[in-house]
Amino acid sequence: MSMQAQAERERQARVILGDSERQVAEKFGEAAKTYINNPVALHLRAMNMLYEGLKENATIVVSQHSLETMQLGALPE
């Protein structure tokens, strides 16, 4: 019976994790829709992501391609 209870707890944990991942994916989809129509917001988000990473003393590798993709070389026209 103990093994059955443990298996049920693990199953429930996986269901909760799956639901959480679905919710996160939905939020990312909403954010993408916002950024696609607002390049300035995307630019500010990219700068904020870099700031947050640097603030935590993390090692960040930035390639030329990522700078171009995030439009960090210059403000978009």
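What you see is a predicted model, and the numbers here were worked out from it, not measured in a lab. (Residues numbered from 1 in each chain as written. Predicted model: local features only at pLDDT ≥ 70, side-chain atom pairs only at ≥ 80, totals over all residues. Heavy atoms only, no water.)

**Concerning the overall build of the chain**
In step 1: Along the backbone of the chain there are three helices and zero strands.
In step 2: For the chain, the N- to C-terminal ordering of α and β elements is α-α-α.
In step 3: The buried share among the 77 residues of the chain stands at 6%.
In step 4: Only carbon and sulfur atoms are counted for the fraction: they give 60% of the accessible area of the chain, which is about 6700 Å². (Helix = DSSP H or I, 4+ residues; strand = E, 2+ residues; numbered from the N terminus. Buried < 20%, exposed > 50% of the residue type's maximum accessible area, 1.4 Å probe, protein only. Areas by Shrake-Rupley, 256 points an atom, 1.4 Å probe, with all protein chains shown as cover.)

**Let's talk about the pattern of salt bridges**
In step 1: This structure, assessed with the given rule, holds five salt bridges.
In step 2: Across the pair Arg22 and Glu26 runs a salt bridge whose closest N-O atoms are separated by 2.7 Å. On the criterion of helical spacing, the pair formed by Arg22 and Glu26 is a turn pair, its members being four residues apart in helix H1 (residues 2-36).
In step 3: Judged by its relative accessible area of 41%, Arg22 is partly exposed.
In step 4: On the accessibility criterion, Glu26 (44% relative accessible area) is partly exposed.
In step 5: Among the ionic contacts, a cluster of salt bridges with common partners joins Asp19, Arg22 and Glu26. (Salt bridge = Lys/Arg side-chain N within 4 Å of Asp/Glu carboxyl O.)

**What to know about a nonpolar patch on the surface**
In step 1: On the surface, a nonpolar cluster with roughly 260 Å² of combined accessible area is contributed by Val40, Leu44 and Met47.
In step 2: In this fold, Leu44 is placed in helix H2 (residues 39-55).
In step 3: Judged by relative accessible area, Leu44 falls into the partly exposed class, the value being 49%. (Patch = residues over 30% accessible without salt bridge, like charges linked within 9 Å, V, L, I, M, F, W, Y side chains within 5 Å.)

**Some points on H2**
Residues lying three or four places apart along an α-helix face the same way, a consequence of the helix completing one turn every 3.6 residues.
In step 1: Taking 1.5 Å per residue, 17 residues should reach 24 Å; H2 reaches 24 Å between its end C-alpha atoms and fits that length.
In step 2: Every buried residue belonging to H2 is among His43, Ala46 and Gly53, and all of these are buried. Summarising the axial view, the buried residues of H2 lie within an arc of 95°, below the 170-degree limit, and thus occupy one face.
In step 3: Asn57 lies just past H2 and shows a positive phi near 60°. (Expected span 1.5 Å × (residues − 1). Arc of directions from axis to C-beta.)

**Description of the confidence of the model for the chain**
In step 1: Mean pLDDT for the chain: 84, with 90% of residues reaching 70 or above.
In step 2: Looking across the chain, the model is least confident in helix H3 (residues 64-69), with a mean pLDDT of 74, and most confident in H1, with 94. (pLDDT = per-residue confidence, 0-100.)

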